[in-house]
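What follows is the residue order along each chain.
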Amino acid sequence: MLKNFKHQLQVKNDPISNLSWRLYRKIQPSRRFQLFCVGTPRSGTHSIHALFAENYRSWHEPYLPQLYSILSKKHLSEISFQEISQWLLSRDFKLWLEVEASHPLNFLVAELATTFPEAKFILTVREPVSWLKSEINKNLGTEGKLWRDLEKFRYGNEAMDYEPEERFLRDYGVYPTANYFKYWTQHNQRVLSTVNRENLLIVKTAEIPQSVARIARFIGIPAETLAVQKSHVSASGSDRPIPQLVLAEEFLATQAERYCGELYAQLLALKKNFSD
């Protein structure tokens, strides 16, 4: 149904005229709902996209270069809340998605919740140690300036203080584990502190396939319209094992508890109550 959707919406270097977009929108069906999945990277955002993609207008991480440009301007205080809101409205007019799953949108979650007050949000939550291993492996196995810039944006704003157990990570260009775990907490806390309870659903990464009925009920759609067989996919295949970067499990558990423990326990408790 939506096989050619991305092809139709490709944005070239020269902006498509507003008239062209208006004509395009005239042939589009009405939007049945609006959902943003804003979990951390490697937490199942791609799986959420795949769950909806067969029967709904869904896209995983569209237009990343443009989004990163806005994030950079926000970080440098070069763009206002209102200007970001206007940018989001213009972007939404062109995309007209029902589902957008994109971890960088988390940095704009306040603007999203204000600009689209009726929108629903899914926060996918992965256990911190499992998430750290997956994220490091993904970053080590991915090339490209944009990916490196996004990685630095997430983890490079903290002090580069390595514990003795992890100093070898520096040789591989990997950030200290504290930087990853602090980001994990900041990312998830940002959603909890911003999105209204009635508009938020918390889903554990490992439970996405078992949560299809719960997700459908939250959105208000038939569960049979969601592709449960595609609810465990990755944007770039499975995690790539890197034996050289083995960190002691006890050390990782201690770091995770120090930086993420309190919030992770809170998220697990809230998961049972949010939008059920």
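As shown above, the structure is provided for reference.
Residues numbered from 1 in each chain as written. Predicted model: local features only at pLDDT ≥ 70, side-chain atom pairs only at ≥ 80, totals over all residues. Heavy atoms only, no water.

Draft legend 1. How the structure looks around the sheet that holds strand β5 (residues 200-204). Strand order across the open sheet formed by five strands is β2-β3-β1-β4-β5, with parallel pairing between neighbours. Edge strands, defined here as strands with exactly one partner in the open sheet, are β2 (58-60) and β5. This sheet shows a mean twist of 15° between the axes of neighbouring strands, independent of strand direction. Of the strand pairs in this sheet, strand β1 (residues 35-37) and strand β3 (residues 99-101) are connected by three bridges, and their pairing is parallel. Bridge pairing in β3 links F36 to E100. (Pairing = 2+ DSSP bridges. Helix = DSSP H or I, 4+ residues; strand = E, 2+ residues; numbered from the N terminus. Axes fitted to C-alpha atoms, helices over the stretch in contact; angles between N-to-C directions.)

Draft legend 2. Molecular detail of the packing of helix α7 (residues 128-140) against helix α11 (residues 249-271). It is the contact of α7 with α11, at a shortest axis distance of 9 Å, that shows an interaxial angle of 115°. Listed contacts from α11 to P128, V129, L132 and K133 of α7 are E249, L252, A253, A256, C260 and Y264. Split by residue class, the contact of α7 with α11 holds eight nonpolar, no polar and two charged. (Contact = heavy atoms within 4.5 Å. Nonpolar A, V, L, I, M, F, W, Y, C, P; charged D, E, K, R; others polar.)

Draft legend 3. Seen up close, the packing of aromatic side chains. A full pass over the atoms with the stated rule returns 17 aromatic pairs. Arranged with centres 5.9 Å apart and planes meeting at 85°, the rings of Y68 and F153 form a pair that is edge-to-face. Of this pair, Y68 sits in helix α4 (residues 64-75) while F153 sits in helix α8 (residues 145-155); the two residues are 85 residues apart in sequence, bridging distant segments of the chain. As far as burial versus exposure is concerned, Y68 and F153 are alike and both buried. Ring centres of W184 and Y264 lie 5.9 Å apart, and the angle between their planes is 70°; on these two criteria the pair is classed as edge-to-face. Linking W184 in helix α9 (residues 177-194) with Y264 in helix α11, this pair joins segments that are 80 residues apart in sequence. Like W184, the residue Y264 is buried in the burial classification. Of note, R154 hangs over the ring of W147, and the distance from its end group to the ring centre comes to 5.8 Å. (Phe/Tyr/Trp six-rings, centres within 6.5 Å; stacked < 30°, edge-to-face > 60°. Buried < 20%, exposed > 50% of the residue type's maximum accessible area, 1.4 Å probe, protein only. Lys NZ or Arg CZ within 6 Å of the ring centre and 35° of its normal.)

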